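Listed below, chain by chain, are the residues.
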Amino acid sequence: MDSRRFLVGLTGGIGSGKSTVADLFAAHGVTIVDTDAIAHALTAPGGAAIPAIREAFGDPVIAEDGALDRAAMRAIVFADPQARHRLEAILHPMIGHCCELMIAEASGPYTMVVVPLLVESGRWRQRIDRLAVVDCPVEAQIARVMQRNRFERSQIEAIIAVQASREARLAAADDVVDNGGDPQALAPQVDALHARYLELAARKAAGPGGAGETGPAAATHRDEEGR
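Below: a short report on this structure.

Reading guide: rules and limits
Residues numbered from 1 in each chain as written. Predicted model: local features only at pLDDT ≥ 70, side-chain atom pairs only at ≥ 80, totals over all residues. Heavy atoms only, no water. Salt bridge = Lys/Arg side-chain N within 4 Å of Asp/Glu carboxyl O. Helix = DSSP H or I, 4+ residues; strand = E, 2+ residues; numbered from the N terminus. Buried < 20%, exposed > 50% of the residue type's maximum accessible area, 1.4 Å probe, protein only. Contact = heavy atoms within 4.5 Å. Phe/Tyr/Trp six-rings, centres within 6.5 Å; stacked < 30°, edge-to-face > 60°.

## A short note on the pattern of salt bridges
Scanning all chains against the criterion turns up eleven salt bridges. Between arginine 84 and glutamate 88 there is a salt bridge; the shortest N-O distance is 3.3 Å. With a gap of four residues between them, arginine 84 and glutamate 88 both fall in helix H5 (residues 81–104), about one helical turn apart. Glutamate 88 sits in the partly exposed class, given a relative accessible area of 21%. Between lysine 204 and aspartate 129 there is a salt bridge whose closest N-O contact spans 2.8 Å. Pair noted here: lysine 204 is in helix H10 (residues 186–206) and aspartate 129 is in the loop between helix H6 (122–127) and strand S4 (130–135), with a separation of 75 residues, a long-range link. Here the residues in one salt-bridge network are Glu139, Arg153 and Glu157, joined through shared partners.

Below is the structure:
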């Protein structure tokens, strides 16, 4: 991978609106590497991760069409933390390999990696030049996921409980996209951040001292010096 390529990490809790924000960046021609989409491909019928998952957890977690039975797997990993670690040990190296290939082949002005657990992942935090967090109140997350996925409130709360807290994500963020209100307010925030990332990407490509520089941004922004 070209070490001069500017890499933005995008994260947020479940139901925060990461995919919507990523789509807005993609509309600007940004290359999006979505780890959730990669995970879904790996666990689809015939997916590369299915044989190892079947061996580790047995046929009950494999649906009739050969895909991962996500509901069955979810029930297992939330009841048994060790099971979650076993699943992650299978999926994470595969996801990482796919990400590296996609980043290496990226052609946009910069690359954005969408990682739900980016704050929790030391690996990704060391790789990216900038961390953008999509933020909204926890109650908004719960309401959106209940409507979108038809999950019970207790299921969503269990997922939120194993993710970084809202406060931890905000503390780690370089930039924040506020998705707690009118959806129409997202595009102007993304436009402002995109302009800023283009500037930082150009500086990094030009040579040393580029990506680490800070300056005013039209969207919510946190400088490293301010933390």
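## Considering the side chain of lysine 18
The residue lysine 18 is located in helix H1 (residues 18–26) in this model. When sequence neighbours within four positions are dropped, the list of residues in contact with lysine 18 reads Leu10, Thr11, Gly12, Gly13, Val114, Pro116 and Val134.

## What to know about the packing of aromatic side chains
With the rule as written, the count across this model stands at four aromatic pairs. With a centroid separation of 6.2 Å and an interplanar angle of 45°, the aromatic rings of phenylalanine 6 and tyrosine 197 are classed as tilted. In this pair, phenylalanine 6 sits in the segment before strand S1 (7–11) while tyrosine 197 sits in helix H10, placing the two residues 191 residues apart along the sequence. As far as the burial class goes, phenylalanine 6 and tyrosine 197 line up, both buried. Ring geometry for tyrosine 110 against tyrosine 197: centres 5.6 Å apart, planes inclined by 80°, an arrangement best described as edge-to-face. Residue tyrosine 110 is found in the loop between H5 and strand S3 (111–114), and its partner tyrosine 197 is found in helix H10; the two are separated by 87 residues along the sequence. Assigned by exposure class, tyrosine 110 and tyrosine 197 land together as buried. A network of ring pairs unites the aromatic residues Phe6, Phe25, Tyr110 and Tyr197 as a single cluster.

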